[in-house]
Every structure is written in C-alpha cells, then in structure tokens.
Amino acid sequence: MPYSNEIITLEQFIVDQQALYKDAGGSLSRIFRSIELAAKVVNRDVRKAGLVDILGNQGSTNTHGEDQKKLDVIANDRFINALSKSGEVSVVISEENDEPIFVEGSEEEKYIVAIDPLDGSSNIDVNASIGTIFSIYRRPSSSKVANEKDLYQKGKHQVAAGYVIYGSSTMLVYTTGLGVNGFTLDDSIQEFCLSHPNIQIPTDGKIFSVNEGNYAEFPQGVKNYVEYCKSKDKETNRPYGARYIGSLIADFHRNLLKGGIFMYPPTPKTPNGKLRLMYECNPMSFLIEQAGGKSSTGTARILEVEPTDLHQRVPIFIGSANMVDLAVKMYQEAEVATV
Ligand code: P6P
C-alpha cells in the first residue's frame with residue numbers, strides 16, 4: 001500500500017468502527033485504549049532490555065512450569081494493571097497466572113480478556129521478535145457478577161482478538177469480526193498508525209513453519225505433509241521454504257502477510273501440542289479466519305473447541321486455507337490408515 005499522507009491512528013480507527021461493532025457505550029474502545037497503553041509501555045521495556053537489568057530469568061516458573069523471564073513478569077503486570085484500570089474488564093486470564101484474576105471493583109463489567117503477555121519469551125535474550133496476544137469475550141451469563149463458568153467459552157464467541165509484535169517495528173494487529181487491520185507504532189508521535197488495512201492471507205503459500213527437531217515424534221500424516229512441502233514439484237512451487245523462528249507471533253505474522261502454514265502437531269510427549277487454546281490458538285484462529293485463512297486441531301476447527309481448562313493446549317494447523325486443508329487431509333488419512 002503506497003504511503004499515504006493521511007494518518008489514521010488506532011484510536012480514530014476504533015472510534016470510526018465503534019458503531020459497526022455495536023460498541024455503543026464505548027466499552028470495547030476503552031479496553032483497546034488500555035491495551036494500546038500497555039503495548040507502548042512494554043514496547044519501551046523490550047527496546048531497552050539489553051541496557052537495563054531486565055533480561056534473563058525471574059527465578060520463578062509459571063503455571064506450566066516454564067521459567068519466567070523478567071520481561072514476562074513485567075509485561076504481565078503492565079497488561080493486567082492497564083486492563084484492570086479500564087473499568088470495563090471483570091476477569092483477566094493470563095498465561096502467567098494459574099488462577100483467573102477477578103478485577104476488584106469491576107466484578108459486574110461485561111468483558112473478559114485472555115492474554116499471553118509476552119509470547120516467545122525464550123527469544124528475548126537473543127533479540128528475536130516477541131509479542132503479546134489478547135482475546136476478548138463478553139460475559140454470557142445473566143448473573144450479576146462474573147463467575148468461573150463465564151470463562152469457558154468457545155473461540156467462536158470472541159468479540160475481538162489481536163497481537164502486538166515487538167519486531168523490527170512494533171505493530172498491533174487486531175480484529176473485531178470486521179476484517180483484520182494492522183497498525184505500526186510511529187515512535188516520533190507514539191501513535192499506532194494504520195499501515196496494513198484489511199489484511200487477507202493468500203489462499204496458497206510457499207512457506208511451512210514447524211519445529212522439525214520433533215520430526216521423529218510427529219504423527220505419520222504430519223510427516224507425509226512435511227515431506228510433501230520438501231519435495232520438488234514445479235507446478236505447485238515446491239519445495240516450499242522452511243521458516244521457523246520459534247516465536248508464534250513472528251511466524252504467524254510472516255505467514256499472514258506472505259501466505260504459509262504454521263503447525264504445532266501432537267507428539268507422544270505433547271499429545272495436545274504445546275500452544276494454549278485460550279490465549280494463543282483461539283485469538284490467532286479468529287484473526288486467520290477473518291483474514292480468509294483456516295485453523296484446525298487436525299480433527300476440528302479450533303474456534304469450535306469446547307474449553308475444559310483455562311490453560312489447556314491444542315494441536316494447531318493454521319494459515320493459508322488450501323495449505324491447511326491439505327495438511328489436515330493428509331493428517332486424517334494417515335490416522336484412518338493406522339486405525
Ligand atoms: P518449540 C514460545 O515459547 C512458544 O510458546 C511459541 O511462541 C512458539 O511458537 C513455540 O513456543 C515454540 O516451541 O517447542 O518449537 O520451541
């Protein structure tokens with residue numbers, strides 16, 4: 001898109017869209033403003049990480065037994081504080097917190113937000129792109145105050161989802177069900193400005209992203225698909241390029257813009273894959289479907305998965321529609337063959 005002189009800020013864009021996504025009271029807009037503020041603060045922290053003592057491990061582990069980096073904890077605090085202060089969020093579900101956070105004084109508010117405050121944090125110390133993922137629901141229950149059962153909603157009920165990628169530039173990409181739009185942070189004015197309007201992922205791509213270090217453990221159908229991607233065939237532009245950064249947001253963002261497929265399949269060691277449903281797979285799946293792509297566990301549409309645990313993991317095949325269709329077909333055919 002040629003650089004336009006007209007600057008459309010995230011704030012202005014949200015206000016313009018407000019009427020379209022029935023946010024009459026402006027609640028969702030206030031939540032987005034809180035996410036935007038936290039993103040700017042975390043961006044500042046990430047950019048100075050090599051200069052002040054916030055790299056390395058915090059010395060604690062999260063609910064998954066993973067070492068928490070200092071920046072994981074800082075980002076988690078920033079986003080939880082900002083969302084709590086928005087006055088619109090009754091519950092925050094975070095990768096870094098075992099239990100959901102019921103926001104004091106906002107128990108009756110109608111929004112729930114699930115976040116991965118800093119995904120890809122194993123890449124922080126090596127200066128690879130990392131990011132924040134968020135997923136927003138309305139409380140379904142008729143009860144006056146938020147309760148546990150409000151939290152277990154299928155991904156198809158999200159009202160908004162997005163991510164912030166702290167990469168060569170800092171971008172915020174989100175959807176409210178009206179398409180996907182990307183905003184780049186202009187440091188000189190500290191505004192997220194519309195840079196990627198109406199993002200659509202190509203239905204076909206030439207990039208596959210999977211950790212081939214786990215190849216020996218992959219289901220046969222996944223092995224078959226990986227071999228398909230690597231074999232020579234001029235007509236279908238193969239072999240494809242292998243790209244795996246080890247940071248979901250970075251791999252996802254590249255595939256979203258260029259086309260491609262990202263896979264985290266089940267293995268005997270990780271029978272449900274590694275990525276979490278509520279604050280990684282569901283938001284990314286909402287985004288990819290809004291951009292014309294697909295997202296599957298290999299056996300079901302991710303947005304249809306019934307949550308049973310707030311930190312549950314699911315296998316994921318996500319990206320260009322035709323690539324996901326073929327990968328899932330090969331995965332299922334092999335499963336049937338082994339039955
Ligand atoms: P592996 C980062 O820790 C993360 O959660 C995702 O961002 C990334 O896609 C995945 O794990 C990488 O996992 O097992 O391939 O190192």
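The notes below deal with the structure included here. (Residues numbered from 1 in each chain as written. Predicted model: local features only at pLDDT ≥ 70, side-chain atom pairs only at ≥ 80, totals over all residues. Heavy atoms only, no water.)

Focus: the overall build of the protein chain
As a reminder, the rule being used: Helix and strand labels come from DSSP, where a helix needs a run of H or I of at least four residues and a strand needs a run of E of at least two; each type is numbered from the N terminus. Only C-alpha atoms enter the radius of gyration; for comparison, a globular chain is expected to reach 2.2 Å times N to the power 0.38, where N is the number of residues. When a residue's accessible area, from a 1.4 Å probe over protein chains only, is under 20% of the maximum for its type it is buried; when over 50% it is exposed; and in between it is partly exposed. Contact definition: two residues touch when any of their heavy atoms are within 4.5 Å. Accessible surface is estimated by sampling points in the Shrake-Rupley manner with a 1.4 Å probe; for residues, cover comes only from the protein chains shown. Counted as positive: Lys and Arg. Counted as negative: Asp and Glu, with His and the chain ends omitted from the count. For this purpose, a charge sits on NZ of Lys, CZ of Arg, CG of Asp or CD of Glu.
Summing up its helical and strand segments, the protein chain has seven helices and 15 strands in all. For 339 residues, the compact-globule estimate of 2.2 N^0.38 gives 20 Å, and the protein chain sits close to it at 20 Å. When burial is assessed residue by residue, the protein chain has 55% of its 339 residues classed as buried. Considering only contacts within the protein chain whose residues lie at least 6 apart along the sequence, 63% involve residues at least 24 apart. As displayed, the protein chain offers around 14600 Å² of accessible surface, 50% of which is attributable to carbon and sulfur atoms. Averaging the positions of the 34 positive and the 43 negative side-chain charges in the protein chain gives two centres separated by 4 Å.

Concerning the pattern of salt bridges
The condition that has to hold: The working definition used for a salt bridge is a side-chain nitrogen of Lys or Arg within 4 Å of a carboxyl oxygen of Asp or Glu.
Across all of its chains, the model carries 18 salt bridges by this definition. Among the salt bridges present, the one from Arg139 reaches Asp150, with a minimum N-O distance of 3.3 Å. Taken together, the residues Arg139 in the loop between strand 6 (130-138) and strand 7 (160-166) and Asp150 in the loop between strand 6 and strand 7 connect sequence positions 11 residues apart. Given a relative accessible area of 0%, Asp150 falls into the buried group. Linked through salt bridges whose partners overlap, the residues forming this network are Lys154, Lys156, Glu289, Arg301 and Glu304.

With respect to the sheet that holds strand 3 (residues 89-94)
Whenever strands of a sheet pair, they do so through backbone hydrogen bonds, lying parallel or antiparallel. Stated formally: For two strands to pair, DSSP has to find at least two bridges joining them.
With mixed pairing, the eight strands of this open sheet are ordered in space as 4-3-5-6-7-8-9-10. On the outer flanks of this sheet lie strand 4 (101-102) and strand 10 (191-196), each paired with one strand and no other. Pairing between strand 3 and strand 4: two bridges, direction antiparallel. When the sheet's bridge partners are listed, Val91 is paired in strand 4 with Phe102.

A word on the site of the ligand
Applicable threshold: What makes a residue near a molecule or strand is one non-hydrogen atom of that residue sitting within 4 Å of it. In protein, a polar contact requires one atom able to donate a hydrogen and another able to accept it; more generally it is a pair of N or O atoms within 3.5 Å, and residues adjacent in sequence count only if both atoms are side-chain atoms.
Lining the immediate environment of the ligand, one finds Asp119, Gly120, Asn211, Tyr244, Gly246, Ser247, Leu248, Phe262, Tyr264, Lys274, Leu275 and Glu280. At 2.6 Å from an oxygen atom of the ligand is found a side-chain nitrogen or oxygen belonging to Tyr264. A total of 400 Å² of accessible area belongs to the ligand in isolation, and the protein chains cover 82% of it.

What about helix 6 (residues 277-290)?
For helix 6, the tally of buried residues reaches 12 of 14 residues, placing the bulk of the element in the interior. The set of residues buried in helix 6 consists of Leu277, Met278, Tyr279, Glu280, Cys281, Asn282, Pro283, Met284, Ser285, Phe286, Leu287 and Ile288. Residue Gly292 follows helix 6 closely and has a positive phi angle near 90°.

A word on the sheet that holds strand 15 (residues 316-319)
We apply this condition: Fitted lines through C-alpha atoms give the axes, limited to the stretch in contact for helices. The angle between two N-to-C directions lies from 0 to 180 degrees.
Taken together, the five strands give an open sheet; going across it, the order is 12-11-13-15-14, and neighbouring strands pair in mixed fashion. A single partner strand is all that each edge strand has here, and the edge strands are strand 12 (241-242) and strand 14 (294-296). In this structure, strand 14 lies alongside strand 15, joined through three bridges in antiparallel fashion. Paired with Lys294 across the bridge in strand 15 is Gly319. Strands in contact with helix 6 are strand 14 and strand 15; relative to strand 15, the strand with the most contacts, it is inclined by about 30°.

Remarks on the pairing of strand 15
Side chains of strand 15 alternate between two faces, with Ile316 and Ile318 and Phe317 and Gly319 buried alike. Where strand 13 (residues 261-264) and strand 15 come together, four bridges link them in antiparallel fashion. Within strand 15, the residue paired with Ile261 across the bridge is Gly319.

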